[in-house]
Amino acid sequence: MNNKIRLGISTCLLGENVRFDGGHKLDHFLTDTLGQYVEYVPVCPEVECGFGIPRESFRLVGEPENPRLVTTRTNVDHTDRMLAWAKKRVQELEKEDLCGYIFKSGSPSSGMERVKVYDHNGVPAKVGVGIFARAFMDNFPLLPVEEEGRLHDPKLRENFIERIFTLKRWRETAGQKQSLGTLVDFHTRHKLLILAHSTEIHRAMGKLVAEGKGTPLKILYEKYQTLLMQALQLRTTAKKNANVLQHMLGYFKDQLSPDEKQEMLEIINQYRQELFPLIVPLTLMNHYVRKYDQPYLKEQHYLNPHPVELQLRNHV
């Protein structure tokens, strides 16, 4: 991939002093590790909406589905001002070619989930969504989104990063001259990756592509993208990955000795029981793919969906 993946991000996570108390929430994984592969488009709703630094803090009050944004001390309601700004900002972000967004957890403007909402007695419950975050997610329902706190969970981190890298490859494919052949090629290379997320959607996508001749290309591409992003939203599991690995093993039935085959099956089975990480069976599988120059598997993004430096498949 030539140009970097563009991600929206809460400005404070990059170390900028934009928070209500004049501080920041620098996240080193986002800046130092993931930052090597992405270009961030920073957004700070409060500052961009015209509130100063430092400023009185906000909180969400009222109905969880439709809360008000109110200052904590003086009780001034700034909901309409924030909503008007958010609507405009989301339209601007449509031009940024974003492949995802990283929100600030717990923020009344930018929290993706479980934001405190205070009832009329002043009792908080973690049931809300930040006002800008909601506007963004409503506008970009298929775009991968996460919060910096959740990205410290290895499985959530892997899922998010796999989605942004796959979406980037899809955008590059969709940006070429559109044809059924181009779509078939993309689907062929991503088949096992999709299968590791959902057998049902994998089947639906196969059917869509196979019957693609009768569908106008624009509609075909749109339907395909929707299914692709829906599939990747579903998390992989040890069981799903083990099924994909066993499927791959079938491509070596004439090459592997009974001993090699048995060893591979044992490793897959131990991985299925979560005794060690996915990187272990994948390393051996990659070895056989190279050794026997297996043409179909060599093209599969499942084996290398994102840079190995991100160490995303090393967790049990």
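Residues numbered from 1 in each chain as written. Predicted model: local features only at pLDDT ≥ 70, side-chain atom pairs only at ≥ 80, totals over all residues. Heavy atoms only, no water.

1. Some details on the pairing of strand 1 (residues 5-10)
Here is step 1: Most of strand 1 sits inside the fold, with five of its six residues counted as buried.
Here is step 2: A crossover connection joins strand 1 to the parallel strand 2 (residues 38-43) through helix 1 (residues 28-33); in handedness this β-α-β unit is right-handed.
Here is step 3: Where strand 1 meets strand 5 (residues 101-103), two bridges bridge the pair, whose relative direction is parallel. Bridging from a neighbouring strand, Ile 9 pairs with Ile 102 of strand 5. (Buried < 20%, exposed > 50% of the residue type's maximum accessible area, 1.4 Å probe, protein only. Helix = DSSP H or I, 4+ residues; strand = E, 2+ residues; numbered from the N terminus. Right-handed = clockwise from strand over helix to strand, strands pointing away. Pairing = 2+ DSSP bridges.)

2. Structural notes on the side chain of Thr 166
Here is step 1: Relative to the elements of secondary structure, Thr 166 occurs in helix 5 (residues 154-174).
Here is step 2: One polar contact links the side chain of Thr 166 to the main-chain carbonyl oxygen of Glu 162, over a distance of 2.7 Å.
Here is step 3: Those residues within four positions of Thr 166 in sequence are excluded, and the remaining contacts are Phe 186, His 190, Leu 193, Leu 228 and Leu 232. (Polar contact = N/O pair within 3.5 Å; in protein donor to acceptor, adjacent residues only side chain to side chain. Contact = heavy atoms within 4.5 Å.)

3. Considering helix 7 (residues 199-210)
Here is step 1: The end-to-end C-alpha separation of helix 7 is 16 Å, in line with the 16 Å expected for twelve residues at 1.5 Å each.
Here is step 2: Between a side-chain oxygen at the N-terminus of helix 7 and the backbone nitrogen of Glu 200 the separation is 3.4 Å; the capping residue is Ser 198. (Expected span 1.5 Å × (residues − 1).)

4. With respect to the environment of Ile 9
Here is step 1: Within the element layout of this structure, Ile 9 appears in strand 1.
Here is step 2: Each C-alpha atom of the pair Ile 9 and Phe 252 lies 44 Å from the other, and the pair is 243 residues apart in sequence.

5. Some details on the sheet that holds strand 7 (residues 124-128)
Here is step 1: Pairing in this open sheet of four strands is mixed, and the strands run 4-3-6-7 from one edge to the other. Only two strands of the sheet have a single neighbouring strand rather than two, namely strand 4 (66-71) and strand 7. The average angle at which neighbouring strand axes cross in this sheet is 50°, direction not considered.
Here is step 2: Here strand 6 (residues 115-118) pairs with strand 7 via four bridges, running antiparallel. Looking at strand 7, one finds that Val 115 is bridged to Gly 128. (Axes fitted to C-alpha atoms, helices over the stretch in contact; angles between N-to-C directions.)

6. Focus: the nonpolar core
Nonpolar side chains in soluble globular proteins tend to end up buried together.
Here is step 1: Formed by 65 residues in total, the largest nonpolar core has its most connected members in Ile 102, Phe 132, Phe 136 and Tyr 224.
Here is step 2: For this core, the element with the highest residue contribution is helix 8 (residues 217-233), accounting for eight residues.
Here is step 3: When neighbours within four sequence positions are excluded, Phe 136 is seen to be in contact with Val 90, Leu 93, Leu 98, Tyr 101, Phe 103, Leu 143 and Val 145.
Here is step 4: Leu 195, Val 244, Phe 252 and Leu 256 belong to the second-largest nonpolar core, a separate cluster that totals 25 residues. (Core = buried A, V, L, I, M, F, W, Y, C linked by side-chain atoms within 4.5 Å.)

As far as function goes, none of this settles anything; it's purely spatial.
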